[in-house]
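Geometric and topological summary
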Amino acid sequence: MARWNSIARGAAFAAVATLSLAACSTDSDGGSSADPTDGGAASGDPLKIGSFLPVTGSLAFLGPPEVAGVKVAVNEINEAGGIFGADVELMETDSGDANNPTIGDQSISELINAEVSAIIGAASSASTLLVLDDVDAAGIVMVSPANTSTSLSGYSDFYFRTAPPDTAQGAAVADLMMEDGASNIAILVQGDDYGVSFRDVVQARVEAAGGTITYGTSGEEVDPAGGNFNANVEAALATNPDAILMIAFDVTAQIVPAIADAGYDMSKVYMSDGNTSNWGDTFAPGTLEGGKGTIPGSAPSDEFKALLDEANGSELEDVSYANESYDAVMLVALAALQGGSSDPAVIQENMASVSGADGGTECSGWVECSDLINEGETINYQALSLSGPFDENNDPTAAVIGVWEYDADNNISRVSEVEWSAGE
């Protein structure tokens, strides 16, 4: 996959953000592509996209940047004239969390009954696994911007993700800790599919390099609903680890003070994408200073960040997986355009192709890519997240993993990034 450097990436998105309103011409060779403004859908139906992202529950803090990324993409397409002679229709729902599956079940039923062409979500792998069988049975495309569990690879022909599996991030955070001098590592991992999958990758990577997981192996997971995590923290600290990795979501707010109160060096604390975020006034000043975390994906450009803030209605403090959410919508719409229909089966058949699996002309944004499709060209969509084309398991074949560090105010800034390709 061709990669942009940071300067080219920002310039490219500036061009994307300046939306063109020029109408596209119909493909002259009678191919399968359809004009996005003049209405060429074989089905004649508008493209309906549903979002299935956390608005309430323990994962609600993950939702705003993802919701905003979806809205920016839909706005971009619609401001350029829409697709198949109509605006993209967006139906927003709440995925809730795995601890309260009723919310997610109800939302998925609403989306299926509304006959959406594609669903963007969920944010957590556990939430996706609770509903994916129903989505698959309905024959609806589902694209997660944030799922990382390895158990989802190849789970369904209709399931895709724009975030890399834990084989990428797990390797990155394991290497980061070892490069910082840690060889004996304790892991405080929540006992769900996300946490266990991530932990297993880290453990394999560390042990292959001659290191040891001193705590947090199978049977030593943290119960997210347990309420009191002091016993886990005490057991981890008793192993005298060189570093502590926390693979968790909101329970981090209770775990961090327990580690700090024990006098552990917090610069040796590492986090996963589930909790690498701005903790601001949640903890006493300096609590997390020097600690690090990883989040898959590239950093949004200033232009894209402004669009996200506008879509959110206020400034976003966290932009995790916003790029991936934008990419998810773009890939669905481009697949529909290339196939000439909003039918989910047609979208599914074209997802890998527009992602660059068939090669093609590199392009970014709706206007540039849709113009190429309408001219009969095969495209290679250049994702804002820098994710590579989908493989046979519908996973991205390349990704960027950002490394973030905490300052004295317990907020994060991006300090470096790691490029990953499948097979590494």
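Residues numbered from 1 in each chain as written. Predicted model: local features only at pLDDT ≥ 70, side-chain atom pairs only at ≥ 80, totals over all residues. Heavy atoms only, no water.

1. Points about the overall build of the protein
Counting secondary structure elements, the protein contains twelve helices and 14 strands. Counting every position in the protein, which comprises 424 residues, the buried fraction comes to 56%. Expressed as a percentage of contacts within the protein between residues at least 6 apart in sequence, the contacts between residues at least 24 apart total 68%. Accessible area for the protein stands at about 15,200 Å²; split by element, carbon and sulfur atoms hold 45% of it. (Helix = DSSP H or I, 4+ residues; strand = E, 2+ residues; numbered from the N terminus. Buried < 20%, exposed > 50% of the residue type's maximum accessible area, 1.4 Å probe, protein only. Contact = heavy atoms within 4.5 Å. Areas by Shrake-Rupley, 256 points an atom, 1.4 Å probe, with all protein chains shown as cover.)

2. Describing the pairing of strand S14 (residues 412–421)
Alignment of strand S13 (residues 398–406) against S14, held across nine bridges, turns out to be antiparallel. Counted as the bridge partner of Trp404 is Arg414 from S14. Hairpin remark: S13 followed by S14, antiparallel, with five residues in the connecting loop; positive phi at Asn410, about 65 degrees. (Pairing = 2+ DSSP bridges.)

3. With respect to the sheet that holds strand S7 (residues 212–215)
In a beta sheet, neighbouring strands pair by backbone hydrogen bonds and run either parallel or antiparallel. As summarised here, the arrangement of the seven strands in space is S7-S6-S8-S9-S10-S13-S14, forming an open sheet in which the pairing is mixed. Taken across any chain shown, the strands that pair with only one partner, and hence form the sheet edges, are S7 and S14. Ignoring strand direction, the axes of neighbouring strands in this sheet form an average angle of 25 degrees. (Axes fitted to C-alpha atoms, helices over the stretch in contact; angles between N-to-C directions.)

4. Quick word on the state of the cysteines
Summed over all chains, the structure comprises one disulfide. In this model Cys363 forms its disulfide with Cys369; the gap between the sulfur atoms is 2.2 Å. On the sign convention where negative means left-handed, the S-S torsion of about 110 degrees between Cys363 and Cys369 marks this disulfide as right-handed. A relative accessible area of 3% means that Cys363 is categorised as buried. (Disulfide = S-S within 2.5 Å.)

5. Notes on the pattern of salt bridges
Under the criterion given, the structure shown has nine salt bridges. In this structure, the salt-bridge partner of Glu92 is Lys71, at a minimum N-O distance of 3.9 Å. Taken as a pair, Glu92 in strand S2 (residues 89–94) and Lys71 in helix H2 (residues 63–79) lie far apart in primary sequence, 21 residues in all. Residue classification places Lys71 among the partly exposed residues on the basis of a relative accessible area of 26%. (Salt bridge = Lys/Arg side-chain N within 4 Å of Asp/Glu carboxyl O.)

6. Re the packing of helix H5 (residues 166–179) against helix H6 (residues 193–208)
Two elements in contact, H5 and H6, have axes whose closest approach is 8 Å; the angle formed by their N-to-C orientations is 50 degrees. As far as their axial angle goes, H6 and H5 are oblique. The crossing of H5 and H6 is right-handed. Where H5 approaches H6, its residues Asp166, Thr167, Gln169, Gly170, Ala171, Val173, Ala174, Asp175, Met177 and Met178 are matched on the opposing element by Tyr194, Ser197, Phe198, Val201, Val202, Arg205 and Val206. Of the residues belonging to the contact of H5 with H6, the class tally is ten nonpolar, four polar and three charged. (Parallel < 35°, antiparallel > 145°, perpendicular 65-115°, else oblique. Left-handed = near helix turned anticlockwise from the far one by under 90°. Nonpolar A, V, L, I, M, F, W, Y, C, P; charged D, E, K, R; others polar.)

7. Some words on the nonpolar core
Ranked by internal contacts, the top residues of the largest apolar core, which has 51 residues, are Met351 and Trp366. Top element by residues in this core is helix H10 (residues 322–339). It accounts for twelve residues. Other than its neighbours up to four places away in sequence, Met351 contacts Val143, Phe160, Leu331, Val332, Ala335 and Phe390. Counting residues in each nonpolar core, the second largest holds 26 residues, with Ala248, Ala258, Tyr264 and Met266 among its members. (Core = buried A, V, L, I, M, F, W, Y, C linked by side-chain atoms within 4.5 Å.)

8. Digging into unusual backbone geometry
A cis amide bond, omega -5 degrees, links Gly121 with the succeeding residue Ala122. Phi is positive for Glu115, close to 55 degrees, though the residue is something other than glycine. Positionally, Glu115 belongs in the loop between helix H3 (101–113) and strand S3 (118–121). You can call Glu115 exposed: its relative accessible area is 64%.

9. So, the environment of Ser325
Along the polypeptide, Ser325 turns up in helix H10. Dropping the residues within four chain positions of it, Ser325 is found in contact with Glu66, Gly69, Val70 and Pro145.

10. Re H5
Taking 1.5 Å as the rise per residue, H5 with 14 residues should run 20 Å; its terminal C-alpha atoms sit 19 Å apart, in good agreement. When H5 is considered as a whole, its buried residues turn out to be Asp166, Ala168, Gln169, Gly170, Ala171, Ala172, Val173, Ala174, Leu176 and Met177. Just downstream of H5, Gly181 is the residue with a positive phi angle, here 105 degrees. (Expected span 1.5 Å × (residues − 1).)

11. Some details on the packing of aromatic side chains
Under the counting rule described, the total for this entry stands at five aromatic pairs. An angle of 35 degrees between the planes, with centres 5.4 Å apart, marks the rings of Trp279 and Phe283 as tilted. Here the two residues Trp279 and Phe283 agree in accessibility, since each one is buried. Relative to Tyr326, the ring of Phe304 lies with its centre 5.3 Å away and its plane at 75 degrees, an arrangement referred to as edge-to-face. With a gap of 22 residues between them, Phe304 in helix H9 (residues 302–312) and Tyr326 in helix H10 connect regions that are remote in the sequence. Each member of the pair Phe304 and Tyr326 is classed as buried. (Phe/Tyr/Trp six-rings, centres within 6.5 Å; stacked < 30°, edge-to-face > 60°.)

In short, geometric facts, not functional conclusions.
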